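One letter stands for each residue in the lines below.
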Amino acid sequence: YYMKAISTVKAAKTVFNVTTHARNVIGNMAFVIANGHYNFMKGGNAFRTIGNDIFSSDNQKFREAYQKYQELGIVGDSSSAGELKSMLEDAKLKPDKFDYVNTHGIAKAKKATAEFIGDLYQAEDDFYKIYAFENEFSRYKEAYGDTKSDEEIEQIAAEIVQNTYPTYSKTSRLIKEMRKAPV
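J.: Just checking my understanding: could you explain the overall build of the chain for this structure?
T.: Of regular secondary structure, the chain possesses eight helices and zero strands. Overall, the chain shows an N-to-C arrangement of helices and strands of α-α-α-α-α-α-α-α. Residues classed as buried in the chain amount to 37% of the 183 residues present. For the chain, the proportion of contacts with a sequence separation of at least 24, taken over those separated by at least 6, is 73%. Counting only carbon and sulfur atoms, one obtains 57% of the accessible surface of the chain, whose full area is about 10,700 Å².

J.: Would you mind showing me how to read the pattern of salt bridges here?
T.: Two side chains with opposite charge may pair up if their charged atoms get near one another. Counted under the stated rule, the structure contains three salt bridges. With a shortest N-O distance of 3.0 Å, Glu-136 and Arg-139 are connected by a salt bridge. Here Glu-136 pairs with Arg-139, and both are found in helix H6 (residues 108–144), just three residues apart, close to one helical turn. Of the charged contacts in the structure, one is a salt bridge between Asp-150 and Lys-141, with a shortest N-O distance of 2.6 Å. Taking the relative accessible area as the measure of exposure, Asp-150 reaches 34% and is therefore partly exposed. Residue Lys-141 is classed as partly exposed on the basis of its relative accessible area, which comes to 31%.

J.: Any chance you could explain the packing of aromatic side chains here in plain terms?
T.: Both the distance between ring centres and the angle between the ring planes are used here to describe each pair of aromatic rings. Evaluation of the coordinates by the stated rule reveals six aromatic pairs. With a centroid separation of 5.5 Å and an interplanar angle of 35°, the aromatic rings of Phe-31 and Tyr-165 are classed as tilted. Of this pair, Phe-31 sits in helix H2 (residues 18–34) while Tyr-165 sits in the loop between helix H7 (150–164) and helix H8 (173–177); the two residues are 134 residues apart in sequence, bridging distant segments of the chain. Of the residues examined, Phe-31 reaches a relative accessible area of 30% and is grouped as partly exposed. Tyr-165 gets classed as buried once you look at its relative accessible area, which sits at 4%. With 5.0 Å between their ring centres and 85° between their planes, Phe-127 and Tyr-128 make a pair best called edge-to-face. Every member of this aromatic cluster is reached through a ring pair, and the members are Tyr-69, Phe-133 and Phe-137. When the ring centre of Tyr-144 is taken as reference, the NZ or CZ atom of Lys-148 above it lies at 5.1 Å.

Conventions adopted
Residues numbered from 1 in each chain as written. Predicted model: local features only at pLDDT ≥ 70, side-chain atom pairs only at ≥ 80, totals over all residues. Heavy atoms only, no water. Helix = DSSP H or I, 4+ residues; strand = E, 2+ residues; numbered from the N terminus. Buried < 20%, exposed > 50% of the residue type's maximum accessible area, 1.4 Å probe, protein only. Contact = heavy atoms within 4.5 Å. Areas by Shrake-Rupley, 256 points an atom, 1.4 Å probe, with all protein chains shown as cover. Salt bridge = Lys/Arg side-chain N within 4 Å of Asp/Glu carboxyl O. Phe/Tyr/Trp six-rings, centres within 6.5 Å; stacked < 30°, edge-to-face > 60°. Lys NZ or Arg CZ within 6 Å of the ring centre and 35° of its normal.

Have a look at this one:
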């Protein structure tokens, strides 16, 4: 019950808070600037890939691209969303689609809206990570030329993104356990 209460409050302060969404977008722009990811042409691919995922489109090209980003550990691992998902697991709630809304008797539209907002929250971080990955990949592809394979360059670019953008799996255990504190 304690974890359910904390999860509900933290979800209201994060996923369902417009200010947090704005801070997510603006904060990620600071990472873009700090890492010198100025090739804005890479944003189009990131935007279409994320849009395809959020709206469950059937564009196979972007579905495969998103799956590749998942395998490389770039998407689906934002620190804020990761903490919230872990809290939901602690509270024995379903974290896969931010299913923390009381669904007993609640309208399907309300649940779908909550899921969409949860997906949007994750997508805000994923967009910037894909954008960063594409920038890093093109940098290192140009630097290495034909001396390294695309797969090797993808691994290098993915590691750089994981180490320079907020990534939940890289957070220490102590910090992760702090999610159980009421403050």
